[in-house]
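# Summary of the model geometry
The residues making up each chain are set out below.
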Amino acid sequence: MPICPKGKISKGRRNKRRAQSWKISSATLIKCPSCNELTLPHRVCKACGNYKRVEVVKVD
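First, a word on what this report is: a plain description of the structure on this page.

Reading guide: rules and limits
- Residues numbered from 1 in each chain as written.
- Predicted model: local features only at pLDDT ≥ 70, side-chain atom pairs only at ≥ 80, totals over all residues.
- Heavy atoms only, no water.
- Helix = DSSP H or I, 4+ residues; strand = E, 2+ residues; numbered from the N terminus.
- Rg over C-alpha atoms; globule rule 2.2 N^0.38 Å.
- Buried < 20%, exposed > 50% of the residue type's maximum accessible area, 1.4 Å probe, protein only.
- Contact = heavy atoms within 4.5 Å.
- Patch = residues over 30% accessible without salt bridge, like charges linked within 9 Å, V, L, I, M, F, W, Y side chains within 5 Å.
- Areas by Shrake-Rupley, 256 points an atom, 1.4 Å probe, with all protein chains shown as cover.
- Salt bridge = Lys/Arg side-chain N within 4 Å of Asp/Glu carboxyl O.

The next point concerns the overall build of the protein chain. Per the secondary structure count, the protein chain includes two helices and four strands. Its helices and strands taken in sequence order, the protein chain reads α-α-β-β-β-β from the N to the C terminus. For a compact globule of 60 residues, the expected C-alpha radius of gyration is about 10 Å, and the protein chain comes in at 21 Å, more than 25% above that figure. For the protein chain, buried positions account for 10% of its 60 residues.

Let us now look at the side chain of Thr-39. Here Thr-39 lies in strand 2 (residues 38-39). We classify Thr-39 as buried; its relative accessible area is 12%. Those residues in contact with Thr-39, other than ones at most four positions away along the chain, are Thr-28, Leu-29, Ile-30, Cys-32, Val-44 and Cys-45.

Our focus in this paragraph is the side chain of Asn-50. For Asn-50, the location among the structural elements is in strand 3 (residues 50-51). In contact with Asn-50, other than residues within four places in its own chain, are Ser-34, Val-44, Cys-45, Glu-55 and Val-56.

Another aspect to go through is the environment of Ser-25. Mapped onto the fold, Ser-25 is located in the loop between helix 2 (21-24) and strand 1 (30-31). Along the primary structure Ser-25 and Glu-55 are separated by 30 residues, whereas in three dimensions their C-alpha atoms are 31 Å apart.

A separate point is a nonpolar patch on the surface. Taken together, the side chains of Val-44, Val-54, Val-56, Val-57 and Val-59 define a hydrophobic patch exposed on the protein surface, amounting to about 360 Å² of accessible area. Mapped onto the elements, Val-54 comes out in strand 4 (residues 54-55).

Moving on, we get to unusual backbone geometry. Not every positive phi belongs to a glycine, and Lys-52 is a case in point at roughly 55 degrees. Looking at the element boundaries, Lys-52 is found in the loop between strand 3 and strand 4. Within the chain, Arg-53 stands out as a residue other than glycine whose phi angle is a positive 65 degrees. Relative to the assigned elements, Arg-53 resides in the loop between strand 3 and strand 4.

Now the structure itself:
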């Protein structure tokens, strides 16, 4: 005999359960190769404005 669900699970209840997974892990941080500040990967460094050792944004 196959096991069947007892009732329909609404989209809200389903999405509430799935939304918890992103809270579990903290954001991954890497050191900027130019200034050694911690920054998010694949993004311009807020401290020096470099991305892959090339100045992209001028920071004062």
